[in-house]
6 protein chains.
Amino acid sequence: MALLPLIEYDAASVEVRAIYDEIMAARKTDWINNFWKVLANDPRELRRVWDDVRAVMAPGALDPLTKELIYIAVSATNGCEYCTYSHTAGARAKGMTDAMLSEVMAVTAVANQTNRLSNGYRVDVDETFRPRW
Amino acid sequence: MALLPLIEYDAASVEVRAIYDEIMAARKTDWINNFWKVLANDPRELRRVWDDVRAVMAPGALDPLTKELIYIAVSATNGCEYCTYSHTAGARAKGMTDAMLSEVMAVTAVANQTNRLSNGYRVDVDETFRPRW
Amino acid sequence: MALLPLIEYDAASVEVRAIYDEIMAARKTDWINNFWKVLANDPRELRRVWDDVRAVMAPGALDPLTKELIYIAVSATNGCEYCTYSHTAGARAKGMTDAMLSEVMAVTAVANQTNRLSNGYRVDVDETFRPRW
Amino acid sequence: MALLPLIEYDAASVEVRAIYDEIMAARKTDWINNFWKVLANDPRELRRVWDDVRAVMAPGALDPLTKELIYIAVSATNGCEYCTYSHTAGARAKGMTDAMLSEVMAVTAVANQTNRLSNGYRVDVDETFRPRW
Amino acid sequence: MALLPLIEYDAASVEVRAIYDEIMAARKTDWINNFWKVLANDPRELRRVWDDVRAVMAPGALDPLTKELIYIAVSATNGCEYCTYSHTAGARAKGMTDAMLSEVMAVTAVANQTNRLSNGYRVDVDETFRPRW
Amino acid sequence: MALLPLIEYDAASVEVRAIYDEIMAARKTDWINNFWKVLANDPRELRRVWDDVRAVMAPGALDPLTKELIYIAVSATNGCEYCTYSHTAGARAKGMTDAMLSEVMAVTAVANQTNRLSNGYRVDVDETFRPRW
């Protein structure tokens, strides 16, 4: 149970409703998920976080599906239950197949493994890998 | 300085050399990076980890560049210096541009942010996000 | 369900009861929360951890409420469900408002974000930031 | 060495210079630290992250020094070298004493300890700690 | 609820059944736990991860019980509920007592504490601790 | 460079010297490592953390070497450079061989891998794994 109450659309202020409308329009849905309903207890935070998510998930040098896969990898690494379920749903809506999910998890798992081997053994960075600019 | 000595090609056993040859062939390089030279102190571990990396990074439902981007996102989340430098180099060799790097970092940053908001507020998972199988 | 049974007051040894009494006196409550009941399976650990918590949460250069807010920030970062609920309750008892909770979460979220940007881009520490002593 | 070049003020675009000017004005300094110089490779990210930091670190229900202490606690938990140095400097500029730093670290350390005891033993949340709304 | 369906023995392919048989033989059990049933959606991943676990958990310079204790310490540190329950069960089957569990958790807790003090204060590594090889 | 100055023995207060003497006696050394010299800026914290470490690392149901191995596993998981070097040195002094170090790292790596697969796929805990008490 969330630490703060869920702000439902009908009970929301005009300011919050306007952000909810933006979210639903951007996602082509007619409902708001719990994450935003909790953030809505502080409308400025709702605005700030929604602007962040919208900005970084928009198509750019990477397509939206690739961005969702990266989101899943980070969420699995951090053990975030909510984010894992919500971004898996989001990725499926953008075309993620079971085979793609399996490969995201496999890369995430092996990266977590080699991160600890590199950090644990204190492996020195090869000069060749240093950026040149 | 690594916890164990670097096993150089010339000083390596036949078994280790064979794995080094595989790594160089797969990566089309004529040198071995420090990560493998440290693991080579235990040839079975060298074999096991190389098999893992080769298997999950091979092209499949996701292309190798996408996999490198996921690797960078996980390594940045875990604060692995070695992995960040080595996989950024690997991703650039596969075509990652500065714009793509910036977007990987942006998605990683925002995912780390919303992971903590979801976990911190203990947001309940929406029923709609639950998998149906 | 916890890995070890909950040691209730009535079933506790004299040694454990004495620590339970200290905890209830310090917190002005007449009950013991599950965290301590699990630790009580090893009375020396119960003593050690309670002494730690009591020592660092006592008023000092920082007031107890500020310390609870820091505790919440760390618990949200680590994804600790138990600690998030218990220290949010503790902070509310010390005067934390919804607005304060929202700001703790916002700072925690943004710190997690910039931690990954700094670590991910491997930003060099500015000389000016180095301590001078 | 950072993954991307540092964008110095003199070499920056008009857009980036305007943000640098905002940062220096807000912080009453005449220099820009490396974190922003790296982000400036992507001016939209520079804008986004600066807006985030400015928004959540502004005085509100919590004072700016308390927010810096929370930032230090999160950065120490995540092992972010850059953020630890930069926010310790920021907190000292706002009045943090050695005694306050010691208490932030002590609370952070004990919170990390009890987070693992709670998560490790899988302690059930007491009903009393559940939010009531 | 897992993101992918559980592949039960009776519904599994010949390839998956063969791996299930290996797992049950190695563990002297007549059932398969959910972790493997989820991985079985991608038989190559099932094979890869099982080979990893079998290889590193086999007796060697360390005995299997010590390895289970290390597994518990890592899982508690990462907040992995599934792994904590499954490896605690595995360790008990290999002889772990309540006193041993308590000491694993105590060391894990204190290590998490001093990790943050060392990282937070940015303590310089003593020359004496550097490896000599 | 540490955030606070190193308190050397000759410049230490009587209170701090007494604790330094305890540490050297317990470890049969004639020097103090930097970790304690930094903590000594707050003598009560020095006392508290030393008491914690001494208590949990003492022989009990687990021998001191096994405890050092667990400490290394946690430190590698958290990416703590100082702790990795210091506890590897401590473990070697207690008899850790290269083969044992390799196995600690291998188990740590695979545990970090399966922790993410379990958390990422949200695998349900098997009823059989639930504790019975």
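Here the structure is a predicted model, which means the values were calculated and not measured.

(A) Examining the relation of the copies chain E and chain F more closely. Overlaying chain E on chain F yields an RMSD of 0.0 Å, the required transformation being a rotation through 180 degrees with an accompanying axial translation of 0.0 Å. Expressed as an axis order, the relation between the two copies is that of a two-fold axis. Take the interface residues of chain E: 100% of them recur as interface residues in chain F, which is what a same-surface contact looks like.

(B) Seen up close, helix H1 (residues 14-27) of chain F. All names here are of chain F. Over its 14 residues, H1 extends 20 Å from the first C-alpha to the last, a length consistent with the 20 Å expected when each residue adds 1.5 Å. Every buried residue belonging to H1 is among Val16, Ile19 and Tyr20, and all of these are buried. Along the axis of H1, the buried positions cluster into a sector of 105 degrees, meaning they face one direction only. In H1, the exposed positions angled more than 90 degrees off the buried face are occupied by Val14, Ala18, Asp21 and Ala25. Residues of H1 that are buried in the fold lie against helix H2 (34-39) and helix H3 (43-57). Immediately downstream of H1, the backbone of lysine 28 shows phi near 55 degrees, a positive value.

(C) Structural view of the relation of the copies chain F and chain A. Least-squares fitting of chain F to chain A yields an RMSD of 0.0 Å, with the transformation described by 0.0 Å of translation along the axis and a rotation of 180 degrees. Both copies present the same face, since 100% of the interface residues in chain F are matched by interface residues at the equivalent positions in chain A.

(D) Representation of the interface of chain F and chain A. Taken together, the contacts link 17 residues of chain F with 17 residues of chain A. Elements represented by at least two residues in the side of chain F that touches chain A include exactly helix H4 (64-78), helix H5 (81-93) and helix H6 (98-121) of chain F. Per-element accounting of the side of chain F that touches chain A gives the leading share, eleven residues, to H6 of chain F. Considering only residue class, the side of chain F that touches chain A consists of six nonpolar, eight polar and three charged.

(E) Structural context of the environment of threonine 128 of chain C. As for its placement among the helices and strands, threonine 128 of chain C is situated in the segment after helix H6 (98-121). When the C-alpha atoms of threonine 128 of chain C and serine 118 of chain C are compared, they prove to be 17 Å apart, with ten residues separating the residues in sequence.

(F) Representation of the domain arrangement of chain A in the model. As far as domains go, chain A holds domain 1 (1-58) and domain 2 (61-124). When each unit is reduced to the centre of its C-alpha atoms, the spacing between domain 1 of chain A and domain 2 of chain A is 25 Å.

(G) Spotlight on the interface of chain E and chain F. Chain E puts 58 residues into the contact, and the matching count from chain F is 58 residues. Contributing elements (two or more residues each) for the side of chain E that touches chain F: helix H2 (34-39), helix H3 (43-57), helix H4 (64-78), helix H5 (81-93) and helix H6 (98-121) of chain E. The element that contributes the greatest number of residues to the side of chain E that touches chain F is H6 of chain E, accounting for 17 residues.

Criteria and thresholds
- Residues numbered from 1 in each chain as written.
- Chains lettered and ligands numbered in written order.
- Predicted model: local features only at pLDDT ≥ 70, side-chain atom pairs only at ≥ 80, totals over all residues.
- Least-squares fit on C-alpha atoms with pLDDT ≥ 70 in both.
- Contact = placed C-beta atoms within 7 Å.
- Helix = DSSP H or I, 4+ residues; strand = E, 2+ residues; numbered from the N terminus.
- Expected span 1.5 Å × (residues − 1).
- Buried ≥ 20, exposed ≤ 12 C-beta atoms within 10 Å, placed from the backbone.
- Arc of directions from axis to C-beta.
- Nonpolar A, V, L, I, M, F, W, Y, C, P; charged D, E, K, R; others polar.
- Domains from an automatic or database assignment.

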